[in-house]
Protein chains: 2
Amino acid sequence: MADEAPIGVFDSGVGGLSVLREIRARLPQESLLYLADSGHVPYGEKSPDFIRERCRVIAEFLLERGAKALVVACNTATAAGVADLRERYPALTVVGMEPAVKPAAQATRSGVVGVLATTGTLKSAKFAALLDRFASDVRVITQPCPGLVECIEAGELESPGTRALLAGFVQPLLDEGCDTLILGCTHYPFVKPLLREMVPSGVVLVDTGAAVARHLETLLVARGLLASGPARVRFWSSGDPSRLARVLPILWGENGTVSNCSV
Amino acid sequence: MADEAPIGVFDSGVGGLSVLREIRARLPQESLLYLADSGHVPYGEKSPDFIRERCRVIAEFLLERGAKALVVACNTATAAGVADLRERYPALTVVGMEPAVKPAAQATRSGVVGVLATTGTLKSAKFAALLDRFASDVRVITQPCPGLVECIEAGELESPGTRALLAGFVQPLLDEGCDTLILGCTHYPFVKPLLREMVPSGVVLVDTGAAVARHLETLLVARGLLASGPARVRFWSSGDPSRLARVLPILWGENGTVSNCSV
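Note that the structure is a prediction, hence the values are computed from the model and not measured.

Rules of the game
- Residues numbered from 1 in each chain as written.
- Chains lettered and ligands numbered in written order.
- Predicted model: local features only at pLDDT ≥ 70, side-chain atom pairs only at ≥ 80, totals over all residues.
- Heavy atoms only, no water.
- Least-squares fit on C-alpha atoms with pLDDT ≥ 70 in both.
- Contact = heavy atoms within 4.5 Å.
- Buried < 20%, exposed > 50% of the residue type's maximum accessible area, 1.4 Å probe, protein only.
- Helix = DSSP H or I, 4+ residues; strand = E, 2+ residues; numbered from the N terminus.
- Arc of directions from axis to C-beta.
- Buried area = accessible area lost by both parts, 1.4 Å probe.
- Polar contact = N/O pair within 3.5 Å; in protein donor to acceptor, adjacent residues only side chain to side chain.
- UniProt positions renumbered as here; feature names shortened; annotations may be inferred.

Once chain A is rotated about the relating axis by 180° and shifted along it by 0.1 Å, it coincides with chain B to within an RMSD of 0.0 Å. The transformation relating the two chain copies, once decomposed into turn and shift, fits a two-fold axis. Among all residues of chain A, the minimum C-alpha distance to the rotation axis is found for Gly161 of chain A, at 2.0 Å. In this assembly the copies share their binding face: 100% of the residues contributing to the interface of chain A also contribute to that of chain B.

Here we come to helix 11 (residues 241-251) of chain B. Residues and elements named next belong to chain B. For helix 11, the full list of buried residues reads Pro241, Leu244, Val247, Leu248 and Leu251. Relative to the axis of helix 11, the buried residues are bounded by an arc of 135° and lie together on one face. Tucked into the core, helix 11 has its buried residues touching helix 1 (17-26), strand 2 (32-36), helix 7 (148-153), strand 9 (233-237) and strand 10 (258-260). Remark: Gly253 follows helix 11 within two positions and exhibits a positive phi of approximately 100°.

Accessible area lost upon the coming together of the parts serves often as the stated size of an interface. Each side of the interface is counted separately: chain A has 12 residues, and chain B has 12 residues. Of the roughly 680 Å² buried where chain A meets chain B, counting both sides, 76% is carbon and sulfur surface. Remark: the boundary between chain A and chain B carries 0 residue pairs in polar contact (both at pLDDT 80 or more). Secondary-structure elements contributing two or more residues to the side of chain A that touches chain B are helix 7 (148-153) and helix 8 (160-175) of chain A. Looking at which element gives the most residues to the side of chain A that touches chain B, the answer is helix 8 of chain A, with 5 residues.

Attention now goes to the UniProt feature "binding site: substrate" (unreviewed entry) in chain A. Residue and element names in this part refer to chain A. Taking the UniProt record as the reference, the feature "binding site: substrate" (unreviewed entry) is found at Asp11, Ser12, Tyr43, Gly44, Asn75, Thr76, Thr186 and His187. Of the residues just listed, which span 177 residues, no C-alpha pair is farther apart than 11.9 Å, and they cluster in one region. The topology assignment puts Tyr43 in the loop between strand 2 (32-36) and helix 2 (48-64). The exposure class assigned to Tyr43 is buried, which follows from its relative accessible area of 1%. Once you skip the residues sitting within four places of it in the chain, Tyr43 turns out to touch Ser12, Asp37, Ile51, Arg54, Ile58, Cys74, Thr76 and Ala77. Only 2.6 Å separates the side chain of Tyr43 from the side chain of Asp37, close enough to count as a polar contact. As for its placement among the helices and strands, His187 is situated in the loop between strand 7 (180-183) and helix 9 (192-198). A relative accessible area of 1% means that His187 is categorised as buried. Discounting residues that sit within four places of it in the chain, His187 has contacts with Asp11, Ser12, Gly13, Val14, Gly15, Val149, Ile152 and Glu153. Polar contacts involving the side chain of His187 include one to the side chain of Glu153, which spans 2.6 Å.

Here's what the structure looks like:
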C-alpha cells in the first residue's frame, strides 16, 4: 500500500535545498513540498522563541497541504523547534537536522574536530547535549559563521567575498589542528567545493543531508508511508518568490515554480 | 607655460581608480595614464622585493609613454617601492600613498584609531615610522583585511560576501572603542558606502585620495608642470583588459578604452 501524500520540507531559506536534493536522490518517487522562510532569513541570530513560532506556522501551512511527514531542514530551527513540533503532532513523522558530532568524533585522527554552524545552533541546549553525549573524547572547536548564510541565499557560492569570508572562518580551525569539519548548517554543503579547495586533502568534511534522507526512508518504510510516484515538487517562499526561482537552477539543479506564501 | 605630458598613475589593480578620481576632480586639465597591475593583484601578501620590482617595470612603462610625474596609487606599493623609485629618478615628481595616521590622530576623541589595510602595508617599516611619528598619543589598532581587495577587484561593492567580510573586520575595531577608521588601502574607499552603514554616525572615515591630489597639484605648480588641456585618459591592464573595462563604469564612473600591457 502506498501513501502518495507529499513530504513537507522547510528551512529559513535555500539551505534546506541541500537536504531536499538528498531526499529526492534517495526517494525519487516521493512528492515534495519545500518552503523557504526567506522573509525571515537568517534564523541564526534570532531568538529561539521566534524560531519556534515560525516552525509552528510553517508546519501548519505544510500540513494543510497534505504533508504526511515533516523535515525540518535547518539546524537552527531543529534546535529551537523540533521538540515542540513533536509534542504538538505526536502521530506525525518529524525529522530534524543536527550537527554530525558522532560521525565526526569517530572520523577524527587528530582528535580535534571543528564545527561550522550558526550562532543559534552553537548556543542551543541541543548542541550542548550532543557534545556531552558524543564528543567527550575529542576536542571540539566551534566557529560561528555570520554572513555565510546570506552569501549562499544570494547564490554566491564562489564569489571573492564568499571565499574570503569562509577562509576567515576555516583557517583558525585548521591552525588548531582540526582534521574533521562538521558542516552544521544546511546552507553550508553548497560551499563544499570552495571549502574543499581551502583545506588539505586529508581533512574530512561531514554533513548530514544524506543521513537524514536515509533516516527519513527508514521511518517511512516502518510506518507504511512510502509513495510509488509519480512525484511532484512544489516550492513556496515567504520572501520574494522570484528570488528563490532565480537560484533554483544553481541550488536545486533545475527550474521550479515558486509560489508566494504569507505565513 | 604648460606641460601637456600626462601623469602616470598605477596600482596593483583597480584601487588606484579611487585616487585617479580625486586627481581628475582637482586637475581636470591633466591627461592621465592608468596602469592596473591586475596580472599580479593582490600586492598585500607579496614580498617587498617582488613589489619593488613591479614598481620599477611599471614606472619604466609609464615614463616611456611620456609621463611627467608618477603617482603610486597603492599603499602597499608605496611602502615597498616609492623610495627606490625616487632614488632611480631623482628629478621626477613621484607621489605615494600612506595611511592618514596624522589626520586620524588629530580627529579622534576616544583616543582609539583603527587602521584597515593590507598585511603588506601594516608590516612595512614605513608604517611603523608613521605610527612612531604621529600616533604616540593615541591607541592604534591595526586590522589586516585579507580578501577585501579581491571583492573590490570583482566589482562587488555591496554583495552579501563583501558585507559580511567587512563587518568581520570592522566590528572588533568598534568593540575596542575606535571612533576614527583609516582606510589604508586605495581599494577601500569603494566600500565607503557599505562601511558607512556599519558604523555609528559619529565614526570618522579617513582616506587619503583627496590629500594626495592636493599634494600632487602643489608639486606640479611649484615645478611648472601643470597642463592646460584638453585632457585624455588612457588605461592599461597587465591582467585581463576586458575585466578592467567591465568595472570602469562602476569604479571610474564612465567607460574607457583599456589596452593590454605585458610588463
